[in-house]
2 protein chains.
Amino acid sequence: MHTGFVWLMSSRALQLSSLFARSEMLSTSDYNSIISINLFVALLLACIVIGHLVEETRWMNASITALLIGLCTGVVILLLSGGKSSHVLVFSEEIFFIYLLPPIIFNAGFQVKKKQFFRNFITIMLFGALGTLISFCIISLGSMQFFKKLDVGSLDVGDYLAIGAIFAATDSVCTLLVLNQDETPLLYSLVFGEGVVNDATSVVLFKAIQSFDLTHIDARIPLRFIANLLYLFFTSTFLGIITGLISAYIIKRLYFGRHSTNREVALMMLMAYLSYMLAELFYLSGILTVFFCGIVMSHYTWHNVTESSRVTTKHVFATLSFLAETFIFLYVGMDALDIEKWRFVSSSPGTSVAVSSILLGLVMAGRAAFVFPISFLTNLTKKSPTEKINFRKQIIIWWAGLMRGAVSMALAYNQFTRAGHTQLLGNAIMITSTISVVLFSTVVFGLLTKPLIRFLLPPRKHFPVSRTLSSSDLGSPKSITLPLLDNQQGSESAFCCYEFALHDGVGCPSRLCMLLNSPSHMVHYYWRKFDDNFMRPVFGGRGFVSFVPGSTTEPSATNLPE
Amino acid sequence: MHTGFVWLMSSRALQLSSLFARSEMLSTSDYNSIISINLFVALLLACIVIGHLVEETRWMNASITALLIGLCTGVVILLLSGGKSSHVLVFSEEIFFIYLLPPIIFNAGFQVKKKQFFRNFITIMLFGALGTLISFCIISLGSMQFFKKLDVGSLDVGDYLAIGAIFAATDSVCTLLVLNQDETPLLYSLVFGEGVVNDATSVVLFKAIQSFDLTHIDARIPLRFIANLLYLFFTSTFLGIITGLISAYIIKRLYFGRHSTNREVALMMLMAYLSYMLAELFYLSGILTVFFCGIVMSHYTWHNVTESSRVTTKHVFATLSFLAETFIFLYVGMDALDIEKWRFVSSSPGTSVAVSSILLGLVMAGRAAFVFPISFLTNLTKKSPTEKINFRKQIIIWWAGLMRGAVSMALAYNQFTRAGHTQLLGNAIMITSTISVVLFSTVVFGLLTKPLIRFLLPPRKHFPVSRTLSSSDLGSPKSITLPLLDNQQGSESAFCCYEFALHDGVGCPSRLCMLLNSPSHMVHYYWRKFDDNFMRPVFGGRGFVSFVPGSTTEPSATNLPE
C-alpha cells in the first residue's frame, strides 16, 4: 500500500473495525488503507463539488478550496483523536513525484498553445533557467546571512544551498489554476512555460547540491553544474520527443482504431507515463521529458487516433491532471497539521515566524531580481509594442510565480528528514517554515491574484475573443475545439496575422508579413516546411490524411469519424 | 509504494544503479520501484501492441497473450538473475482487490445490456448463487475424499472448505474476453452475470469459512450462512444503487457541464470507486456494489452529463478495465514463476500433478453438476423456444465458466500463505496447484473456447443484427451508440417486440403482446412507469429533458450538446 496513505490513526481504526468486526479476512493494515482511501475519495468529491460552487466568486479558486478542506479535515482528525494523532498523514515525495506530478505536467504539454510557447521560447528559457539560478543565489546567500543571527540549530553550507533550491521552485500547478490560457495567452505561456523549466532547474539544482562534494569548493563546480544542466535539458527533451514520436508512429502504422479505441487511449496514457518513468530511470528530468512528450503527442499522435479517442484523451488527461492537482493541495493541507513537527518548534515561536518571514521576503526579492531585468532585456529585442512585456504584465509575472507548492514541500522533506523524523531543531524549523511559506503564499497570494489581474489588466480588447472561445453557456465545445483552434493558429495561412485570423480565419498570404515580423517567424516557416515534408508523412498529424486546405474547421472534429 | 510492486531483484537493481550512479536523491527502494514501473508499463505496452496484432487469429485472445508475455518475462528474469531471484514478483491480493478488480466490474455494469441482464435475472441468480454453492460442495467434498489418499501435508476441514470456495470462483474477467456481447447476447449476459454473482458468492463463502468456528459444526451454520449471504446481497446491491443515484442527483442538480467536463468525469470516476470502497469499509461485497452502481450510472448519471463527458466516460471506463485485465494476466503470468513455491513441490512432482488434475476434474464436475440441472429447470418456465437454453448453449455456459483466474489466486494466497511464505508442504502444494489450474484453464480452455463456440454455434440468423451493430470498419460508432441502443431496446414502444423493433424501431403497441409473453415483462412495464413518473424527474436519465417519442435515435447522442 502507499506508504503515505498509511493511516496512522490506529486507535480510531480499531474502534471502527470493532463495530463491524465480522470478518478476519482483511488485516488491520489493509483495513486502515481502506479507511484512508474512503476518506480521500470522499474529500476529493467534496473538493470537486465545493470547488464547483465557489467557482463563481471572484476570490476563491479550486486550489485554495482543496487546501482549506485539507486543513479543516486535519483539524477535525486532530480533535477527534484528542491531539494524539501526531502524524495525520505523512507527505510522501514518492507519491508526489511518481504518481501526481506526471499527469499534471503531461496535460500541460498536451494542452499548451504550442504557437505561443515556441514564439516565446527564448524568453521562457531565460526566465526558467537563468531566473531560477538568480533566485537560487539570492535565497541561498540571503538565508545564510540572516539565519546566522537567529537560533535555528545547526545548518551547514549544503543545507543553505538546498534552501535556495527548495524556495526557487515556483508552483506551476497553482499558476495553471490562477491564470487563464484564453484570457491572457502571453502571460500564461510565459509564466507556465517558466514554471516547467523552473521545476526542472530546481530539481536538477537540488540533485547537484546533494551529489557534489561541498567540502572543497573550487571554480570548476559552477562550470560542471552548468554543463550538467545543459546535458539534462537536451537529453530530457530529446527523450520526450522520441517517446512521443514512437507513439505517433505505432498508432499510425498499426491503425488501432480499426479494432478498439481502448487500445489507442491506453497506448497514449502508457507511453506518456513511460516517458516520465524512463527519464527517472536514466536520472534525467522527468518533468521536461513528459512535457515535451505531451507537446509531440498533441501535434502528431492525437491526430492519428479515432474521433472518440481524441475526445476521450483530451478530457481524460485534463481530468487526471485536475484530480492530481486537487489531491496535492488536499495532501499539503492535511500534512500541514503533523503535530510532531510543530512540537519542536513551539518552544520558540518567534524564531519560526522570523524564519518564515525572511524566507518569504527572500522569495519575493529573488523573483523581483530576475523578472524585471530579464523582461527589460527581452523587450529590447522586440519591435512591435504588442509583443513587449509592459510593466503591468511584469508585475503579474512576478506575482504569479511567488507561490510555492508541492515541489518545495517534496524537496524540503527530502533534505530535512533524512536523518530521522525532524529530531533536530534546525530540520524541524525548516520543515515547518516550508509549510508556512507554502500555505501563506498559496492562500494569501493566491487569493489576491485574481483581483490583482483584474486591477492591472481590466478586461479590454481581448475580451470579445475570449468570450467567443470560452462562452460559459456552451460548456464543452470550448474544450473540444481548443486543440483544433490551437493548430489553426499554427497553420501556415493564419500564423502571422494571428489576431486577424482568429476572427475570420483569413490571413495575409505568408512571406511578406513574415519578413515584417521577427526572424523567429522564419524559423517557424522552415519548421513548417520540414514538418510537412518529412515528419508528417511518417508520424501523421493534423489533417495529413484528409486535409482540406480551404476549410478552417476540420470536418472530422465535430462529427463522427468517416 | 505498492508492496506487490516491490521488485525483489535487489542484486540486479544495484548493478543497474551503479551504472547511472550520479545522484543520491532517490533511495534504493525508490529506484527499484522506478525500475519495476518501467518494466510493467513497457510490458503493458507490449501486451497492447501484440494483442492487437494477434486479434485477427481465431485462437488467441488478449488475455492469453498477456499471460504468455508475463510467463516469458518471468523466464527471462529468472535466467538473467541465474535462478537466484526467488520472488520475481509477489502477487498481492490487496492490489488486486483494491485497484484492479473495481474498474473491471464497474465497467461491466456500466456497459452491460441491462435489458438482457434483468430479463434473465432469476436464471443468473440461480447460476451465480445456487450453482456456486453446489460447485463449492462438490469441490470441497471431492478434495476431502481424494487428497486423503495422497501425501499433501496437513490440511484441516477449514482448508478443504477454503479449497471449495477458491475453486468455485469462475474468472469473470476471462469470460468477458471470450464471449462477445453483440454476437451472443443471451450467453454473454448469462455467463457474465453469473460470473459477477459467483465472484461475490465465493468471496462471501470464503470470508464465512474463515470467520466461522469450525470446531463444533451444527445445523445452524448453513442457515446462518444463507442468512449472511442474503444480507450481503441486499445491502451491497442497495449501497451500489444509492451511490449511483447520488451521483446522478448531484450532477443533475449542480449542472457541472456549465463549467467543465473534467469535474463530471472526475465525479463519476470517484463516485464509482467510492461505492466499492464503502462496501469494503462496511464488510459488504464491493463487487456487487460497484456492479449495480455501474448499472445505475449508465441508466441515470451518464445521460445527465455533457456529450463530451459521455464519450469520455464511456471510453475511459472501458480503457481502465482493459488495462486492469491486461495487468492481471501479466501479473499472474509473472507470479507463476516464483521459485520459492516450486522448490518445496519439486521433491514430489507426482503429487503436485495429481492434485492439480484432481482439482481440474472437480472444477469440471462441479460446474456440470449445476449448469445442466439449472438450465433444465429454467427451460421449464420458458414458453418460447428462442428463450430456452438448448443443449449446445448449455455446453458453452459450462465451458466458459471453467476458467479460474485472479480471484482464485487471491483467495488461495490469502488462505495458504498466512503462516509464513509457503513453508508447509501442504500450503506450497495448494499454491502451486492453484497456479497450475489457473494457467492450464486460462491457456488451454481459453484457446479452445473460440473454436468451440464457432463449432457449436455457427454464425447464423443473429449475424445480420450483430453486423449492423459491430461493423469492424466503422470502429467507434459501435462503441458510441451501444448504450443508446441498449436503452432503445428498453424503451416502452420497442421492448416487447425486441427482434422486430431492432430493425425498424416500430413495435406493437404494448399491452397485448406483453400478455402473450411472460409475466416478467409485466414487472418491466411497471418498472418503466415507476421510472418515468418518479425516478427520472429526480435523477435524470436518457431523454428526460428533451425526449422525442417518435425518434429512434436521440439527437444529442451524435452531435454536440445543445
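None of these values were measured; they are calculated from a predicted model.

**Thoughts on the overall build of chain A**
Piece 1. Of regular secondary structure, chain A possesses 23 helices and 0 strands.
Piece 2. Residue pairs at least 24 apart in sequence account for 82% of intrachain contacts in chain A once pairs closer than 6 positions are excluded.
Piece 3. Element-wise, carbon and sulfur atoms account for 68% of the exposed surface of chain A, whose accessible area totals about 21800 Å².

**With respect to empty space enclosed by the protein**
Piece 1. Here the largest cavity defines a volume of roughly 1900 Å³.
Piece 2. Elements that contribute at least two residues to the lining of the largest cavity include exactly helix H2 (28–53), helix H4 (93–111), helix H11 (261–281) and helix H13 (307–335) of chain A together with helix H2 (28–53), helix H4 (93–111), helix H11 (261–281) and helix H13 (307–335) of chain B.
Piece 3. In terms of residue class, the lining of the largest cavity is made up of 45 nonpolar, 2 polar and no charged.

**Points about the nonpolar core**
A general tendency of soluble globular proteins is for nonpolar side chains to be buried together.
Piece 1. A:Phe96, A:Phe147, A:Ile163, A:Phe291, B:Phe96, B:Phe147 and B:Ile163 are the most contacted members of the largest nonpolar core, which totals 297 residues.
Piece 2. With residues near it in sequence (within four places) discarded, B:Phe147 still touches B:Val152, B:Leu155, B:Tyr160, B:Ile163, B:Val355, B:Ile358, B:Leu359 and B:Met430.

**Some remarks on helix H7 (residues 157–168) of chain B**
Residue and element names in this part refer to chain B.
Piece 1. For H7, with 12 residues, the first-to-last C-alpha span of 17 Å sits near the 16 Å given by 1.5 Å per residue.
Piece 2. Across the 12 residues that make up H7, a large majority, 11, are buried.
Piece 3. Along H7, the positions that sit buried rather than exposed are Gly158, Asp159, Tyr160, Leu161, Ala162, Ile163, Gly164, Ala165, Ile166, Phe167 and Ala168.
Piece 4. Where the residues of H7 are buried, they touch helix H6 (121–147), helix H9 (185–211), helix H15 (349–381), helix H17 (406–416) and helix H18 (425–456).
Piece 5. In this structure Asp156 caps H7, since a side-chain oxygen of it lies 3.2 Å from the backbone nitrogen of Gly158.

**Quick look at the confidence of the model for chain A**
Residues and elements named next belong to chain A.
Piece 1. Of the residues in chain A, 73% have a pLDDT of 70 or more, and the chain-wide mean is 74.
Piece 2. Ranking the elements of chain A by mean pLDDT puts helix H1 (residues 10–19) last with 32 and H11 first with 92.
Piece 3. Scored below 50 in pLDDT, residues 461–510 makes 80 contacts in the model with residues more than four places away or belonging to other chains.
Piece 4. Note on residues 545–562: pLDDT is under 50 here. Beyond four places in sequence and across chains, it has 20 contacts.

**Let's talk about the packing of helix H15 (residues 349–381) of chain A against helix H18 (residues 425–456) of chain A**
Residues and elements named next belong to chain A.
Piece 1. Relative orientation of the contacting elements H15 and H18 amounts to 55 degrees, with a least axis distance of 9 Å. Between H15 and H18, the interaxial angle falls into the category oblique. H15 and H18 meet at a crossing whose hand is right-handed. Contacts from Thr351, Ser352, Val355, Ser356, Leu359, Leu360 and Met364 in H15 reach Ile429, Met430, Thr432, Ser433, Ser436, Val437, Phe440 and Phe445 in H18.
Piece 2. Class assignment for the residues of the contact of H15 with H18 results in 9 nonpolar, 6 polar and no charged.

**Describing the packing of H11(A) against H13(B)**
Packed helix pairs are specified by the crossing angle of their axes together with the interaxial distance, meaning the distance between the axes.
Piece 1. Contact pair H11(A) / H13(B): the axes reach a minimum separation of 9 Å and the direction vectors enclose 70 degrees. Comparing the axis directions of H11(A) and H13(B) gives the class roughly perpendicular. Facing A:Thr261, A:Asn262, A:Arg263, A:Val265, A:Ala266, A:Met269 and A:Leu270 of H11(A), the residues of H13(B) in contact are B:His315, B:Ala318, B:Thr319, B:Leu320, B:Phe322 and B:Leu323.
Piece 2. Partitioned by chemical class, the residues of the contact of H11(A) with H13(B) number 8 nonpolar, 4 polar and 1 charged.

**Considerations on unusual backbone geometry**
Piece 1. One non-glycine residue, A:Tyr283, lies in positive phi territory at about 55 degrees.
Piece 2. Position of A:Tyr283 among the secondary structure elements: in the loop between H11 and helix H12 (286–304).

**A short note on the side chain of B:Asn304**
Residues and elements named next belong to chain B.
Piece 1. Within the secondary structure layout, Asn304 lies in helix H12 (residues 286–304).
Piece 2. Residue Asn304 is classed as buried on the basis of its relative accessible area of 18%.
Piece 3. Looking at Asn304, its side chain comes within polar contact range of the main-chain oxygen of Ala248, at 3.2 Å.
Piece 4. Not counting residues within four places of it along the chain, the set of residues in contact with Asn304 comprises Ala248, Ile251, Lys252, Glu264, Phe539, Gly540 and Gly541.

**So, the environment of A:Ser384**
Residue and element names in this part refer to chain A.
Piece 1. Mapping Ser384 onto the fold places it in the loop between H15 and helix H16 (391–400).
Piece 2. Overall, the relative accessible area of 27% leaves Ser384 in the partly exposed class.
Piece 3. A C-alpha to C-alpha distance of 50 Å links Ser384 and Phe40, two positions 344 residues apart in sequence.

**Some thoughts on the packing of aromatic side chains**
Residues and elements named next belong to chain A.
Piece 1. Scanning all chains against the criterion turns up 50 aromatic pairs over all chains.
Piece 2. Note on Phe117 and Phe121: the rings are 6.0 Å apart at their centroids and 75 degrees apart in plane angle, and the pair reads as edge-to-face.
Piece 3. Residue Phe117 is classed as buried on the basis of its relative accessible area of 2%.
Piece 4. Where Tyr249 meets Phe539, the ring centres are 6.3 Å apart and the plane angle is 70 degrees; that geometry is what we call edge-to-face. With a gap of 290 residues between them, Tyr249 in helix H10 (residues 220–254) and Phe539 in helix H23 (residues 520–539) connect regions that are remote in the sequence.
Piece 5. For Tyr249, a relative accessible area of 34% puts it in the partly exposed group.
Piece 6. Residue classification places Phe539 among the buried positions, given a relative accessible area of 15%.

**Focus: the environment of B:Leu360**
All names here are of chain B.
Piece 1. By the element assignment, Leu360 lies in helix H15.
Piece 2. Taking C-alpha positions, Leu360 is 9.6 Å from Ile139, a pair spaced 221 residues apart along the chain.
Piece 3. The contacts of Leu360, once residues within four sequence positions are left out, are Val437 and Phe440.

**Points about a nonpolar patch on the surface**
Piece 1. A cluster of nonpolar side chains, A:Ile122, A:Leu126 and A:Leu130, forms an exposed patch at the surface whose accessible area comes to about 270 Å².
Piece 2. Along the polypeptide, A:Ile122 turns up in helix H6 (residues 121–147).

**Thoughts on the pattern of salt bridges**
Residues and elements named next belong to chain A.
Piece 1. Counted by the stated rule, this structure contains 6 salt bridges over all chains.
Piece 2. Between Arg367 and Glu194 there is a salt bridge, and its shortest N-O distance comes to 2.9 Å. Of the two residues, Arg367 sits in helix H15 while Glu194 sits in helix H9 (residues 185–211), which places them 173 residues apart along the sequence. Summarising the burial analysis for this pair, Arg367 and Glu194 share the class buried.
Piece 3. Put simply, Asp531, Asp532 and Arg536 are held in one network by salt bridges that share partners.

**A few points about H13(A)**
Piece 1. The terminal C-alpha atoms of H13(A), which comprises 29 residues, lie 42 Å apart, in line with the 42 Å expected from a rise of 1.5 Å per residue.
Piece 2. Buried residues dominate H13(A), accounting for 28 of its 29 residues.

Rules and cut-offs
Residues numbered from 1 in each chain as written. Chains lettered and ligands numbered in written order. Predicted model: local features only at pLDDT ≥ 70, side-chain atom pairs only at ≥ 80, totals over all residues. Heavy atoms only, no water. Helix = DSSP H or I, 4+ residues; strand = E, 2+ residues; numbered from the N terminus. Contact = heavy atoms within 4.5 Å. Areas by Shrake-Rupley, 256 points an atom, 1.4 Å probe, with all protein chains shown as cover. 1 Å grid on protein atoms, 1.4 Å probe; cavity = no way out; pocket = protein on both sides within 12 Å on 5 of 7 lines; lining within 4 Å. Points joined across faces, edges and corners; volume = space filled by probe spheres on them. Nonpolar A, V, L, I, M, F, W, Y, C, P; charged D, E, K, R; others polar. Core = buried A, V, L, I, M, F, W, Y, C linked by side-chain atoms within 4.5 Å. Buried < 20%, exposed > 50% of the residue type's maximum accessible area, 1.4 Å probe, protein only. Expected span 1.5 Å × (residues − 1). Polar contact = N/O pair within 3.5 Å; in protein donor to acceptor, adjacent residues only side chain to side chain. pLDDT = per-residue confidence, 0-100. Axes fitted to C-alpha atoms, helices over the stretch in contact; angles between N-to-C directions. Parallel < 35°, antiparallel > 145°, perpendicular 65-115°, else oblique. Left-handed = near helix turned anticlockwise from the far one by under 90°. Phe/Tyr/Trp six-rings, centres within 6.5 Å; stacked < 30°, edge-to-face > 60°. Patch = residues over 30% accessible without salt bridge, like charges linked within 9 Å, V, L, I, M, F, W, Y side chains within 5 Å. Salt bridge = Lys/Arg side-chain N within 4 Å of Asp/Glu carboxyl O.

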